[in-house]
Amino acid sequence: MPQAAAFDLILRNARLADAAAPVDIGVRQGRIACIGLPPGAHGPAVDAGGNAVLPGFVDTHVHLDKACLLGRCGHDHGSLADAIRAVSALKREFTTEDVYARGARVLDKAIAKGTTRMRSHVEVDPRAGLRSFAAIKALKQDYAWAIDVQICVFPQEGLTNDPGTEDLLLAALRDGADLLGGCPYTDSDPQAQITRLFEMARDFDVALDFHLDFDLDPSWRHLDEVCRQTRQHGYQGRVAIGHVTKLSALPPAEFDAAARLLAESGVALTVLPATDLYLTGREASHNVPRGLTAAHRLVQHGVCCSIATNNVLNPFTPFGDASLLRMANFYANVAQVGPGDFGACLDLVTHLPARLMQLGDYGITPGNPADFVVLDTARPSDALAELAEPLMVFKRGRQTVRRQPVQLLRP
Ligand SMILES: [Zn+2]
């Protein structure tokens, strides 16, 4: 047999997004070698059965360190501030083992739902110390067989007003944190926080990812300052902002102007539907506003956007299965997206978040890592509409998940 036709894995009958007929994919040394096989191709084969095959899902914004806290605190929280306070009180007691166990529970769920790349935000401050960071670092290493995790350390409770936080963030950046996050709305001097974080990011040559403008008051915002400093520091393409629910409160002309500003500044935006819908608009007794920024409309203006999980089973979001397909479906439903744009919603959990995370090797293309999710349906757009379960997931050419199709036991 010719060596060029030997593969470590052949994924047969894979229906790719833009293909009319299923194709066979050859994998060698963890990477996609070819789409469509050469004559004499041989190697261990797995049959995708003509089902839809997507590159693994990409979750740009997950808090592994504060997931799965229900049962440890009261559930009468209503506002964002209440949720931050509740976790702040618990966080002093977090041990590395505890954070590891809760984070592992979320990673298990995410992997089983087809996520193969993730950015985890991690709180670093005098209450958590570096314990949560140490746990997420261990998870990153122990779960590398199934998922690549980026670690974004950030000051949830402020930077300039929280002595000791900056030194801890610097220590984490020296010790393997991949990038730096921010949360200006909890800082007594938001502008100074933004300025300092840009300085620190430049010193370490890392990207930035802010929690930003998480309310429905359009009379003020930090978005303009982040865009200004992004351009000033030449950081276009390396800055993301999350939530930005304020944009949902803007009339069309102002929304379009904000979209142009984001696109021109190269600032990406992540929508966190579960948390945004759970926490915003609490002041309304009826006709409650959705507080969900229209990511698919921003994309039409050239903004790089993603939909992400954010929180799982905690005071910020007492729900969660870490499924990005469910989150994209949820977004599409609330944002009143029709079937013609279901593909655009899938882009928000695949190719666009990969660009947000500056992953240069993402997608089903020869040369890229062989990360696949095989969904229990023929067409990707149907997968979004029907919440098709992943039947198989592959990471770097190795199968990581197997799910049996459901069987109805008819009489
Ligand atoms: Zn967050």
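What you are looking at is a predicted structure, and each value in this text was computed from that prediction instead of being measured.

### Describing the sheet that holds strand E10 (residues 208-212)
Reasoning step 1: The strand order across the open sheet built from eight strands is E6-E7-E8-E9-E10-E11-E12-E13, with neighbouring strands paired in parallel fashion. Every interior strand has two partners, whereas the edge strands, strand E6 (57-62) and strand E13 (305-307), have only one. Pairwise comparison of adjacent strand axes, ignoring direction, gives a mean angle of 20° for this sheet.
Reasoning step 2: Two strands pair when backbone bridges link them, and strand E7 (residues 115-123) and strand E8 (residues 148-154) are joined in this way by seven bridges, in the parallel orientation. Looking at the pairing, Arg117 lines up with Asp148 of E8.

### A few points about the environment of Ile84
Reasoning step 1: Take Ile84: it is sitting in helix H1 (residues 80-91).
Reasoning step 2: Given the relative accessible area of 12%, Ile84 is considered buried.
Reasoning step 3: The sequence separation of Ile84 and Gln156 amounts to 72 residues, and the corresponding C-alpha distance is 8.1 Å.

### Examining the coordination of the zinc ion
Reasoning step 1: The zinc ion binds to the protein through His61 (NE2), His63 (NE2), His211 (NE2) and Asn310 (OD1); the donor distances cover 2.0 to 2.4 Å.
Reasoning step 2: For the zinc ion, the four donor atoms in the first shell make angles of 84 to 174° at the metal, so the coordination geometry reads as irregular.
Reasoning step 3: When the donor residues of the zinc ion are listed from N- to C-terminus, their spacing reads H-x1-H-x147-H-x98-N. With His61 in strand E6 and His211 in strand E10, the pair connects residues that are 150 residues apart, well separated along the chain.
Reasoning step 4: For His211, a relative accessible area of 2% puts it in the buried group.

### Looking at unusual backbone geometry
Glycine aside, negative phi is the norm for most residues, and most peptide bonds take the trans geometry.
Reasoning step 1: Unlike most non-glycine residues, His243 shows phi in positive territory, near 80°.
Reasoning step 2: Position of His243 among the secondary structure elements: in strand E11 (residues 239-243).
Reasoning step 3: What makes His243 buried here is its relative accessible area of 1%.

### Some words on the sheet that holds strand E3 (residues 31-35)
Reasoning step 1: Read from one edge of the open sheet, four strands run E3-E2-E1-E4, paired in mixed fashion. Two strands close off the open sheet at either side, each with one partner strand: E3 and strand E4 (45-47). Within this sheet the neighbouring strands show an average axis-to-axis angle of 25°, counted without direction.
Reasoning step 2: Two strands pair when backbone bridges link them, and strand E2 (residues 23-28) and E3 are joined in this way by four bridges, in the antiparallel orientation. Opposite Arg28, over in E3, you have Arg31 as the bridge partner.

How each quantity is defined
Residues numbered from 1 in each chain as written. Predicted model: local features only at pLDDT ≥ 70, side-chain atom pairs only at ≥ 80, totals over all residues. Heavy atoms only, no water. Pairing = 2+ DSSP bridges. Helix = DSSP H or I, 4+ residues; strand = E, 2+ residues; numbered from the N terminus. Axes fitted to C-alpha atoms, helices over the stretch in contact; angles between N-to-C directions. Buried < 20%, exposed > 50% of the residue type's maximum accessible area, 1.4 Å probe, protein only. Donors = N, O, S within 2.8 Å, 3.2 Å for Na, K, Ca; no water. Tetrahedral: all angles 85-135°; square planar, octahedral: opposite > 155°, others 65-115°.

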